[in-house]
Amino acid sequence: MTVESAVVLGPGGPVGTAWLAGLAAGLRREGVDLGAADLIVGTSAGAIVGAILASGGDLDRLATLPEPTDPEDGVRTDPERLAEVFATLGDTGLERAEALRRIGRLAVTALTGGEEAAIARMRFLVGGVEWPDRPLLIPSVDAETGEAVIWDRYGAASLPEAVAAGIAFPGTAPPITIDGRRYIDGALRAGINVDLAGDAGVLIVAEPMAHMSGTNGVAAGERMVVRLVPDAEAIEAFGPDITNRGAWAPAYQAGVRQAPDAAERIRVSSLIM
């Protein structure tokens, strides 16, 4: 795929979602709308914020953590299965394809709540059910085969279903069934999935977990690239646990605070005005 400009939003759990939302909201206030890019790629946490950006939705509503709409049957973490997932990911003796299939089986058996609750939560967070006209890609992984599926407005999934599938990290959220297949978190495909931006001439990459996972292979080459990552103050606001919902508001404000500098970097690079 060749586009003039692309925005890639990476994974980062609830804390990363809040930081991305604050950063994007702050950039809008500075006159820089990431939603104006020719293509948005949203992985895991980035799928939530990417869906809102592509739809022109209100990011400020995420300044505080929204109350769950399903307190009795909500999405929850299964610590035992989550530990097994990380152990499988860290097993260097496993081929990647086999590791993903094993992780998919763990995801299916994890006690993480109902699919409908997960989809309903994403419907509330992204503020709608219709895919935006602006190109938006949300990667996920087939829980049975380990193969990647990239959702867009031409696929079988509604927007909330695609987002719910794209953020369904095994052990923390249920796999999402679409056309009889179950799907899990798109970060398991290729981290931030920057390759889905193709040969975009200008690229903005926002990585909430850069301090934990490195650059994820983002290279400039002959194109213009701006990487937006949490600074030291933001990392302190995050704390050690990216799933800590108590850090949501501080993480959001950390993103807002970084926005003026990020906007200047984007303007200097003549990417998105």
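See above for the structure.
Residues numbered from 1 in each chain as written. Predicted model: local features only at pLDDT ≥ 70, side-chain atom pairs only at ≥ 80, totals over all residues. Heavy atoms only, no water.

A. Expanded view of the overall build of the protein chain. A tally of helices and strands in the protein chain yields ten helices and eight strands. Scaling as 2.2 N^0.38, a compact globule of 273 residues should have a C-alpha radius of gyration of about 19 Å, and the protein chain matches this with 17 Å. If one aligns the C-alpha atoms of the protein chain with their principal axes, the spans along those axes are about 50 × 40 × 35 Å. Counting across all 273 residues of the protein chain, residues that qualify as buried make up 52%. Nonlocal contacts in the protein chain, meaning residues at least 24 apart in sequence, comprise 74% of its contacts between residues at least 6 apart. Taking the average location of the 22 positive side-chain charges in the protein chain and that of its 37 negative ones, the two points are 1 Å from each other. (Helix = DSSP H or I, 4+ residues; strand = E, 2+ residues; numbered from the N terminus. Rg over C-alpha atoms; globule rule 2.2 N^0.38 Å. Buried < 20%, exposed > 50% of the residue type's maximum accessible area, 1.4 Å probe, protein only. Contact = heavy atoms within 4.5 Å. Lys, Arg positive; Asp, Glu negative; His and termini not counted. Charge placed at Lys NZ, Arg CZ, Asp CG, Glu CD.)

B. Region of interest: the packing of helix α5 (residues 115-126) against helix α6 (residues 159-166). Taken N-terminus to C-terminus, the directions of α5 and α6 make an angle of 110°; their axes are 8 Å apart at the nearest point. One way to sum up the angle between α5 and α6 is to call them roughly perpendicular. Once α5 is placed against α6, the crossing between them reads as right-handed. Residues Ala118, Ile119, Met122, Arg123 and Val126 of α5 lie in contact with α6, whose contacting residues are Leu159, Pro160, Glu161, Val163 and Ala164. (Axes fitted to C-alpha atoms, helices over the stretch in contact; angles between N-to-C directions. Parallel < 35°, antiparallel > 145°, perpendicular 65-115°, else oblique. Left-handed = near helix turned anticlockwise from the far one by under 90°.)

C. How the structure looks around the pairing of strand β7 (residues 202-206). With respect to burial, β7 is a largely interior element, five of its five residues being buried. Sheet topology places β7 next to strand β8 (residues 224-228); five bridges connect them, and they run parallel. Directly across from Ala206, in β8, lies its bridge partner Leu228. (Pairing = 2+ DSSP bridges.)

D. Seen up close, the pattern of salt bridges. Applying the stated criterion across every chain, the model contains 13 salt bridges. Residue Asp195 pairs with Arg189 through a salt bridge whose shortest N-O separation is 2.7 Å. Of the residues examined, Asp195 reaches a relative accessible area of 44% and is grouped as partly exposed. Arg189 gets classed as partly exposed once you look at its relative accessible area, which sits at 26%. The residue Glu233 makes a salt bridge to Arg257 at a minimum N-O spacing of 3.4 Å. Of this pair, Glu233 sits in helix α9 (residues 232-238) while Arg257 sits in helix α10 (residues 248-268), placing them 24 residues apart in sequence. Taking relative accessible area as the criterion, Glu233 reaches 48% and is therefore assigned partly exposed. The network of salt bridges with common partners includes Glu98, Arg101, Arg102 and Arg105. (Salt bridge = Lys/Arg side-chain N within 4 Å of Asp/Glu carboxyl O.)

E. Examining helix α2 (residues 45-55) more closely. Within α2, ten of the eleven residues are buried, leaving the element largely enclosed by the surrounding structure. Here α2 has its buried residues at Ala45, Gly46, Ala47, Ile48, Val49, Gly50, Ala51, Ile52, Leu53 and Ala54. Residues of α2 that are buried make contact with β1 (5-9), α1 (13-29), β2 (39-42), α5, β3 (136-142) and α6. Positive phi shows up at Gly56, right after α2, with a value of about 70°.

F. Here's a closer look at α10. Taking 1.5 Å per residue as the helical rise, α10 with its 21 residues ought to reach 30 Å, and the 30 Å between its terminal C-alpha atoms agrees with that figure. The axis of α10 is deflected most strongly, by about 40°, at Ala259, and proline Pro260 appears within four residues downstream. Of all the positions in α10, only Trp248, Ala251, Tyr252, Ala254, Gly255, Val256, Gln258, Ala259, Ala262, Ala263 and Ile266 are classed as buried. Check the buried side of α10 and you find it contacts α1, β7, β8 and α9. (Expected span 1.5 Å × (residues − 1). Bend = angle between axes of the 7 residues up to and from the residue.)

G. Broad picture of the packing of aromatic side chains. Overall, the coordinates contain two aromatic pairs when judged by the stated rule. Residues Trp151 and Tyr183 carry aromatic rings whose centres are separated by 5.1 Å and whose planes lie at 85° to one another, so their mutual orientation is edge-to-face. In this pair, Trp151 sits in strand β4 (residues 148-151) while Tyr183 sits in strand β6 (residues 181-185), placing the two residues 32 residues apart along the sequence. (Phe/Tyr/Trp six-rings, centres within 6.5 Å; stacked < 30°, edge-to-face > 60°.)

Distances and angles like these do not, on their own, reveal function.
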